[in-house]
Amino acid sequence: MNFELGTLNFELSSYAMRENLSRGRVHADHGIPYRGLYQRDRDRIVHSSAFRRLQYKTQVFISVMEGDYFRNRLTHTLEVTQIARTIARALALNEDLAEALALAHDLGHGPFGHSGEDALNEVMSAHGGFDHNAHGLRIVDLLETRYARFPGLNLTYETREGYAKNYAAHDGSPRSRSLLGFAPDEMPPLEVQLVGHADEIAYDTHDLDDGLVSGALVEDDVRNVSLWRDVEAQVLAEDDTYKTDHRMRWHAIVRRLIATLVTDLMQETQRRIREQKISSLEDVRKFDGELIGFSKELNVRKRELEHFLMQRFYKSERVKKHTDFWRERLKQLFHAFQENPNLLPEDSRKRIDSGKESQERAICDYVAGMTDRFASRQWETIVNK
Ligand code: MG
């Protein structure tokens, strides 16, 4: 590791997001002198009910079916946040903004992880579909109700932009930013760009840990992945304990893998910033491409690891038997509310009656807000009665 630590200070770089450059909040809001703009965004996110519900939502393993050891959406979110903060601080970017973005990045997930998202997208196909990024924005702009003067959390433009960044990546077109109401044809600040990569670093590494500990992955198979193999060799040379204690070995490999990915990302980003002569936020916004990213060499190896996780873990029998099961049940639950909207809570029914929302969107909002265990109990009482 030859990352230059000269940037480890508390002065922001010239291309970092600064509060005086923020595009601000939609609704005029009072300020508090001792708390910054993005600190307040962060606090609003942590105090939201959608954030608390992340603790009972699936990351990969369905939480009501598997043990309590494994990652859920909340612990995943915390891992993403510490990686994002580390990178932001080391690159002298705005750490408060990176933190707020990371804490908010998965708020839009429904119960049962990606299988829940697929189920909701399917039942909503004729009514505008369902996407966790678009839904995350809906939560922070509309569905969290805690202020008399405005709906939602009234977050800053830049924190909200996180959903557009990932939505755009998902959709494959930068112009899809405008579908969520953000200025098209410009790139988001570096803090926004980095959180998507912190997310990848977190799940690429913690999914190896969960996969191995659960037995869904076998160590000999994981050794086919070149990044794992190389890092394992470094770890074994470090201490003999790692040769005999497999749990200790996996922990050592996973933490070194995180460091390897983080270091490469920072070095490559610094290289791109130098090469492109980026010296202001405006340069970042105007630049046609991502400035935060991994080196070409590491990217190839990272994709190999992700392909392995997809084939051997996410699509494994162990994971699929539960996700397939809950995908069907969530659709059944949605249809049960469709047949009998009186089963919905009062505020969902009010939104339908006011004409502001289609019945389907209101049901989708309600079901997407459920935790795994609440959805499973609702299925028992409403569908399986
Ligand atoms: Mg995530």
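Residues numbered from 1 in each chain as written. Predicted model: local features only at pLDDT ≥ 70, side-chain atom pairs only at ≥ 80, totals over all residues. Heavy atoms only, no water.

> Explain the overall build of the protein to me, and be specific about the residues and the numbers.
Counting secondary structure elements, the protein contains 18 helices and zero strands. Against the globule reference of 21 Å for 385 residues, the protein gives a C-alpha radius of gyration of 22 Å, in line with a compact fold. Pairs at least 24 residues apart make up 73% of the contacts formed inside the protein by residues separated by at least 6 positions. In the structure as shown, the protein presents an accessible area of about 17800 Å², 49% of it carried by carbon and sulfur atoms. For the protein, the separation between the mean place of its 54 positive charges and that of its 62 negative charges on side chains is 3 Å. (Helix = DSSP H or I, 4+ residues; strand = E, 2+ residues; numbered from the N terminus. Rg over C-alpha atoms; globule rule 2.2 N^0.38 Å. Contact = heavy atoms within 4.5 Å. Areas by Shrake-Rupley, 256 points an atom, 1.4 Å probe, with all protein chains shown as cover. Lys, Arg positive; Asp, Glu negative; His and termini not counted. Charge placed at Lys NZ, Arg CZ, Asp CG, Glu CD.)

> So, the pattern of salt bridges: which residues are in play, and what are the values?
Note that side chains of opposite charge can pair when their charged atoms are close. Taken as a whole and judged by the stated rule, the model has 46 salt bridges. Taking the shortest distance from any N to any O, the salt bridge between Arg301 and Asp230 comes out at 2.3 Å. Of this pair, Arg301 sits in helix H14 (residues 296–314) while Asp230 sits in helix H10 (residues 226–238), and the two are 71 residues apart along the sequence. According to the relative accessible area criterion, Asp230 is partly exposed, its value standing at 35%. Ionic pairing is found between Arg327 and Asp324, a salt bridge with its closest N-O pair at 3.0 Å. Of this pair, Arg327 and Asp324 both sit in helix H15 (residues 317–339), three residues apart, which is roughly one turn of that helix. With relative accessibility at 27%, the residue Asp324 sits in the partly exposed group. Through salt bridges with shared partners, one network takes in Arg35, Arg42, Asp43, Arg85, Arg89, Glu95 and Glu99. (Salt bridge = Lys/Arg side-chain N within 4 Å of Asp/Glu carboxyl O. Buried < 20%, exposed > 50% of the residue type's maximum accessible area, 1.4 Å probe, protein only.)

> Would you mind going over the nonpolar core in detail, with residue names and values included?
The biggest cluster of nonpolar side chains holds 59 residues, and the ones touching the most others in it are Ile87, Leu93 and Trp228. Those elements that place two or more of their residues in this core are helix H3 (73–90), helix H4 (95–104), helix H8 (190–214), H10, helix H12 (246–275), helix H13 (281–286) and H14. When residues of this core are assigned to their parent elements, the largest contribution, 10 residues, is made by H12. If sequence neighbours within four positions are ignored, Trp228 has contacts with Leu208, Leu212, Val222, Arg223, Trp250, Ile253, Val254 and Leu257. If you look at the next biggest cluster of nonpolar residues, it comprises 23 residues, including Ile62, Leu330, Val367 and Ala368. (Core = buried A, V, L, I, M, F, W, Y, C linked by side-chain atoms within 4.5 Å.)

> Summarise the side chain of Glu268; cite the residues concerned and give the values.
With respect to the secondary-structure elements, Glu268 resides in helix H12. There is a polar contact of 2.9 Å between the side chain of Glu268 and the side chain of Arg271. (Polar contact = N/O pair within 3.5 Å; in protein donor to acceptor, adjacent residues only side chain to side chain.)

> Please set out the coordination of the magnesium ion residue by residue, giving values where relevant.
The protein atoms that coordinate the magnesium ion are His76 (NE2), His105 (NE2), Asp106 (OD) and Asp199 (OD), at distances spanning 2.2 to 2.5 Å. Ordering the donors of the magnesium ion by residue number gives the pattern H-x28-H-D-x92-D. His105 sits in the buried class, given a relative accessible area of 5%. Residue classification places Asp106 among the buried positions, given a relative accessible area of 3%. (Donors = N, O, S within 2.8 Å, 3.2 Å for Na, K, Ca; no water.)

> So what's going on with the packing of aromatic side chains? Residues and values would help.
This model, assessed by the stated rule, comprises six aromatic pairs. Between Tyr157 and Phe182, the ring centres sit 5.1 Å apart and the planes meet at 70 degrees, which makes this aromatic pair edge-to-face. With a gap of 25 residues between them, Tyr157 in helix H7 (residues 157–171) and Phe182 in the loop between H7 and H8 connect regions that are remote in the sequence. An identical accessibility class is assigned to Tyr157 and Phe182; each is buried. Measuring from ring centre to ring centre gives 5.7 Å for Phe313 and Tyr314, while their planes differ by 40 degrees; the resulting arrangement is tilted. Overall, Phe313 belongs to the buried group, its relative accessible area being 0%. Residue Tyr314 is classed as partly exposed on the basis of its relative accessible area, which comes to 23%. Through a chain of ring-to-ring contacts, the aromatic side chains of Phe112, Phe325 and Trp326 assemble into a single cluster. Positioned above the aromatic ring of Trp326 is the side chain of Arg329, whose terminal nitrogen or guanidinium carbon lies 5.1 Å from the ring centre. Directly above the aromatic system of Trp379 lies the positively charged group of Arg329, at a separation of 3.5 Å from the ring centroid. (Phe/Tyr/Trp six-rings, centres within 6.5 Å; stacked < 30°, edge-to-face > 60°. Lys NZ or Arg CZ within 6 Å of the ring centre and 35° of its normal.)

> Hey, could you go over the confidence of the model for the protein for me, with residue numbers and the actual values?
Chain-level pLDDT for the protein is 92 on average; 95% of the residues reach the 70-or-more range. Averaged over each element, pLDDT in the protein is lowest for H7 (82) and highest for H4 (98). Within the model, pLDDT remains below 50 along residues 1–8, and this stretch shows 16 contacts once partners closer than five positions in the same chain are excluded. (pLDDT = per-residue confidence, 0-100.)

> Which residues make up H10, and what values do they have?
When the terminal C-alpha atoms of H10 are compared, their 19 Å separation across 13 residues agrees well with the 18 Å that a helix rising 1.5 Å per residue should span. Turning to H10, its buried residues are Ser226, Leu227, Trp228, Val231, Glu232 and Val235. Check the buried side of H10 and you find it contacts H8, helix H9 (219–222), helix H11 (241–244), H12 and H14. (Expected span 1.5 Å × (residues − 1).)

> Outline H12, supporting the account with residue identities and numerical values.
Spanning 30 residues, H12 covers 43 Å between terminal C-alpha atoms, matching the ideal 44 Å at 1.5 Å per step. Near the N-terminus of H12, the side chain that reaches the backbone nitrogen of Arg247, with its oxygen 3.2 Å away, is that of Asp245.

> Quick rundown of the side chain of Ser13? Include the residues and the values.
Following the sequence through the fold, Ser13 ends up in the segment before helix H1 (37–46). Owing to a relative accessible area of 12%, Ser13 belongs among the buried residues under this scheme. Those residues in contact with Ser13 that lie beyond four places of it in its chain are Arg18, Leu91, Ala92 and Leu93.

> An account of the packing of H3 against H12 is requested, with residue identities and associated values reported.
One can describe the packing of H3 onto H12 by two numbers: an axis separation of 11 Å at closest approach and a directional angle of 35 degrees. H3 and H12 meet at a crossing whose hand is right-handed. Contacts from Ile83, Ile87 and Ala90 in H3 reach Ile258, Val262, Leu265 and Met266 in H12. Residue composition of the contact of H3 with H12, grouped by class: seven nonpolar, no polar and no charged. (Axes fitted to C-alpha atoms, helices over the stretch in contact; angles between N-to-C directions. Left-handed = near helix turned anticlockwise from the far one by under 90°. Nonpolar A, V, L, I, M, F, W, Y, C, P; charged D, E, K, R; others polar.)

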